[in-house]
Amino acid sequence: MNAWPQGYARHVFDVVGSTLSEAARMAPDLTGPAWILALEQTAARGRRGRAWATPRGNFAGTLIMRRAEPPGVAALRSFVTSLALYRTFGVVTGQPQDFALKWPNDVLLKGGKVAGILLESIGDHLVIGIGVNLAFAPRADEVEARALQPMSIARDMGINVEPEVFLNVLAAEYAVLEDQFTTHGFAPIRRAWLAHAAKLGEVITARTMRDETTGTFEDVDENGNLILQTAQ
């Protein structure tokens, strides 16, 4: 059993609207980083404001901490978090080879999406929202067009993991990587992330809020930007 990391608070709720909203409510009174877990969410949201289904049995968690760096540096914690998720999946399933990391903030199981990360700022706090399909995965018609197939640990691996058990492992793995990030910077996180990157060296299409770019996935730079080799 992973020991709970020193210095991190732990809050577990049965039902909340959103762990991100709960983090915003708690922020003024926090004296250090805190993990928030909801066993059920009723008004969650994902990237671009999309609704996010979080039935009981899945993992809906948020880490909130005071932001000490410029926003661009703090945002690199999406890589810290995804790497912590990768290691957590390896621990709880014993099958790390089935998982990969998709730029900038998803975790894949056998090529389909099993977890997503959402970063937001609330005043001088950084909030990292994490959703994991432990027990259930959304139906194909519940995700946007061209989205990766949703996967779940229970359905696609036959392994049952309780959200609180997942949180305990994730918090411990994250704390180790957070210490590495604050002590040594992004470089070792970047190397470890690239070692588990999905489709490295393959042709991919990167989509942003404004456009799409297709090219060969070559690298992630020191600022977390995706580097593609294109015709131009």
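Look up: the structure comes first, before these words.
Given the structure is predicted, the values throughout are model-derived calculations rather than measurements. (Residues numbered from 1 in each chain as written. Predicted model: local features only at pLDDT ≥ 70, side-chain atom pairs only at ≥ 80, totals over all residues. Heavy atoms only, no water.)

Draft legend 1. Highlighting the sheet that holds strand S10 (residues 226-229). Ordered by their spatial adjacency, three strands build an open sheet running S8-S9-S10, and the pairing between neighbours is antiparallel. Looking at the sheet topology across the chains shown, the edges are occupied by strand S8 (203-207) and S10. In this sheet, adjacent strand axes meet at a mean angle of 70 degrees when their direction is disregarded. The sheet contact formed by strand S9 (residues 212-220) and S10 spans four bridges and is antiparallel. Directly across from Asp219, in S10, lies its bridge partner Ile227. (Pairing = 2+ DSSP bridges. Helix = DSSP H or I, 4+ residues; strand = E, 2+ residues; numbered from the N terminus. Axes fitted to C-alpha atoms, helices over the stretch in contact; angles between N-to-C directions.)

Draft legend 2. Representation of the side chain of Glu22 in the model. Assignment of secondary structure puts Glu22 in helix H1 (residues 19-26). Overall, the relative accessible area of 13% leaves Glu22 in the buried class. Look past the residues within four positions of Glu22 in its chain and what remains in contact with it is Phe13, Val16 and Ile36. (Buried < 20%, exposed > 50% of the residue type's maximum accessible area, 1.4 Å probe, protein only. Contact = heavy atoms within 4.5 Å.)

Draft legend 3. The arrangement of the pairing of strand S6 (residues 112-122) in detail. With four bridges connecting them, strand S5 (residues 106-109) and S6 associate as antiparallel partners. Bridging across to S6, Val107 finds its partner in Ala115. Counted between consecutive antiparallel strands, the loop separating S5 from S6 contains two residues, among which Lys110 sits at a positive phi close to 50 degrees. Here S6 runs beside strand S7 (residues 125-132); their pairing, made up of eight bridges, is antiparallel.

Draft legend 4. Summary view of helix H3 (residues 77-93). Here H3 spans 24 Å end to end across 17 residues, near enough to the 24 Å set by a 1.5 Å rise per residue. Of all 17 residues in H3, 15 are buried, a share of seventy percent or more. In the segment just after H3, Gly94 is the residue with positive phi, at about 70 degrees. (Expected span 1.5 Å × (residues − 1).)

Draft legend 5. Main features of the sheet that holds S7. Across the sheet, seven strands lie side by side as S1-S2-S3-S7-S6-S5-S4; this open sheet has mixed pairing. Edge strands, defined here as strands with exactly one partner in the open sheet, are strand S1 (9-13) and strand S4 (99-102). The average angle at which neighbouring strand axes cross in this sheet is 20 degrees, direction not considered. With five bridges joining them, S1 and strand S2 (residues 34-38) adopt parallel strand pairing. What sits directly across from Val12, in S2, is Leu37.

Draft legend 6. Seen up close, the packing of aromatic side chains. By the definition in use, this model includes six aromatic pairs. Taken together, a centroid distance of 6.0 Å and an interplanar angle of 85 degrees make the contact between Trp35 and Tyr174 edge-to-face. In this pair, Trp35 sits in strand S2 while Tyr174 sits in helix H5 (residues 163-184), placing the two residues 139 residues apart along the sequence. For Trp35, a relative accessible area of 0% translates into the label buried. Between Phe89 and Phe99, the ring centres sit 4.6 Å apart and the planes meet at 5 degrees, which makes this aromatic pair stacked. Taken together, the residues Phe89 in helix H3 and Phe99 in strand S4 connect sequence positions 10 residues apart. (Phe/Tyr/Trp six-rings, centres within 6.5 Å; stacked < 30°, edge-to-face > 60°.)

By themselves, these are just geometric observations and shouldn't be taken as functional.
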